[in-house]
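Structure assessment
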Amino acid sequence: MLKLQEYLNEIRKEFHLRHGFEFGFTESQSEAHFDLTTQAAMQYLQGLAMSGKIGELQNMVQGGADAMRSSSYFAELMQKCVDSYYGLDWDKDRKQQLAETALGFALAGLKKRFDDGGFSSDTAGVMKFIGLDSGLLGMMGKVGGFFNKFKK
């Protein structure tokens, strides 16, 4: 299991304590929606990584919620998270609020763990934090570059 998933499992418990009441969730509902949010976000972000947009990911990890909101990919990312709540019969605004709250909470928790862990803010440090070997990053960049050739 990636180190990142371990961090998210810890943060998931904290999410319910901080936001479960706000959304009227039981603990298992809080955890399920936190997981849906982070899984949708991770799939989207992995897609960015595979297309060679590693710098964008680094900025989001290092900058936390503010950097995330100012990212040009924020609206797309939010939509992926909102789309993952197909089981909720809430209106779009309430789903958007849940996505922003859960994702912001996850990013703040990850940023705290990143800072507390003393990781370097370069690519190698980010990859070590996530639990990926830095050799994989080079491969992902090459694969992303390879696939970009087909998009033209």
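A brief structural summary. (Residues numbered from 1 in each chain as written. Predicted model: local features only at pLDDT ≥ 70, side-chain atom pairs only at ≥ 80, totals over all residues. Heavy atoms only, no water.)

**Let's talk about the side chain of Thr101**
Mapped onto the elements, Thr101 comes out in helix α5 (residues 92-116). Beyond its immediate sequence surroundings of up to four residues, Thr101 is in contact with Phe15, His19, Glu22 and Phe23. (Helix = DSSP H or I, 4+ residues; strand = E, 2+ residues; numbered from the N terminus. Contact = heavy atoms within 4.5 Å.)

**Topic: helix α4 (residues 74-83)**
Because each turn of an α-helix spans 3.6 residues, side chains separated by three or four positions in sequence point in the same direction. Within α4, burial applies to Phe74, Leu77, Met78, Cys81 and Val82. Looking down the long axis of α4, one finds its buried residues gathered within 135° of arc, a one-sided arrangement. (Buried < 20%, exposed > 50% of the residue type's maximum accessible area, 1.4 Å probe, protein only. Arc of directions from axis to C-beta.)

**Description of the packing of aromatic side chains**
What the rule picks out here adds up to nine aromatic pairs. Their ring planes at 40° and their centres at 5.4 Å tell us that Phe15 and Phe34 sit as a pair that is tilted. Placement of Phe15 in helix α1 (residues 3-23) and of Phe34 in helix α2 (residues 27-50) is noted, with a sequence separation of 19 residues between them. Each of the two residues, Phe15 as well as Phe34, counts as buried. Taken together, the ring pairs connect Tyr7, Phe114, Phe119 and Phe129 into an aromatic cluster. When the ring centre of Trp90 is taken as reference, the NZ or CZ atom of Arg94 above it lies at 4.0 Å. (Phe/Tyr/Trp six-rings, centres within 6.5 Å; stacked < 30°, edge-to-face > 60°. Lys NZ or Arg CZ within 6 Å of the ring centre and 35° of its normal.)

**Looking at the side chain of His33**
Within the element layout of this structure, His33 appears in helix α2. The exposure class of His33 is buried, given its relative accessible area of 12%.

**Some remarks on helix α6 (residues 123-130)**
Residues of α6 that are buried include every one of Gly125, Val126, Met127, Phe129 and Ile130, and no others. Gly131 occupies a position one or two residues after α6 and carries a positive phi of about 100°.

**Quick look at the environment of Leu8**
Among the secondary structure elements, Leu8 is positioned in helix α1. Accessibility expressed as a relative area gives 4% for Leu8, which makes it buried. For the pair Leu8 and Phe34, spaced 26 residues apart in sequence, the C-alpha separation works out to 9.0 Å. Those residues in contact with Leu8 that lie beyond four places of it in its chain are Phe34, Thr38, Met42, Ala106 and Leu110.

**Description of the packing of α5 against α6**
Put simply, α5 and α6 touch, their axes get as near as 11 Å, and they point 115° apart. Here α5 is positioned roughly perpendicular relative to α6, judged by the angle of their axes. Considering the relative orientation of α5 and α6, their crossing is right-handed. Contacts between α5 and α6 involve Leu110, Arg113 and Phe114 from the former and Gly125, Val126 and Phe129 from the latter. Class assignment of the residues belonging to the contact of α5 with α6 gives a composition of four nonpolar, one polar and one charged. (Axes fitted to C-alpha atoms, helices over the stretch in contact; angles between N-to-C directions. Parallel < 35°, antiparallel > 145°, perpendicular 65-115°, else oblique. Left-handed = near helix turned anticlockwise from the far one by under 90°. Nonpolar A, V, L, I, M, F, W, Y, C, P; charged D, E, K, R; others polar.)

**A closer look at the pattern of salt bridges**
Counted under the stated rule, the structure contains eight salt bridges. One salt bridge in this structure joins Arg113 and Glu14, with 2.9 Å as the shortest N-O distance. Linking Arg113 in helix α5 with Glu14 in helix α1, this pair joins segments that are 99 residues apart in sequence. Glu14 gets classed as partly exposed once you look at its relative accessible area, which sits at 32%. A salt bridge links Lys111 to Asp115, with the shortest nitrogen-to-oxygen separation between them at 3.1 Å. Of the two residues, Lys111 and Asp115 both sit in helix α5, four residues apart, roughly one turn of that helix. What makes Lys111 partly exposed here is its relative accessible area of 25%. The exposure class assigned to Asp115 is partly exposed, which follows from its relative accessible area of 47%. (Salt bridge = Lys/Arg side-chain N within 4 Å of Asp/Glu carboxyl O.)

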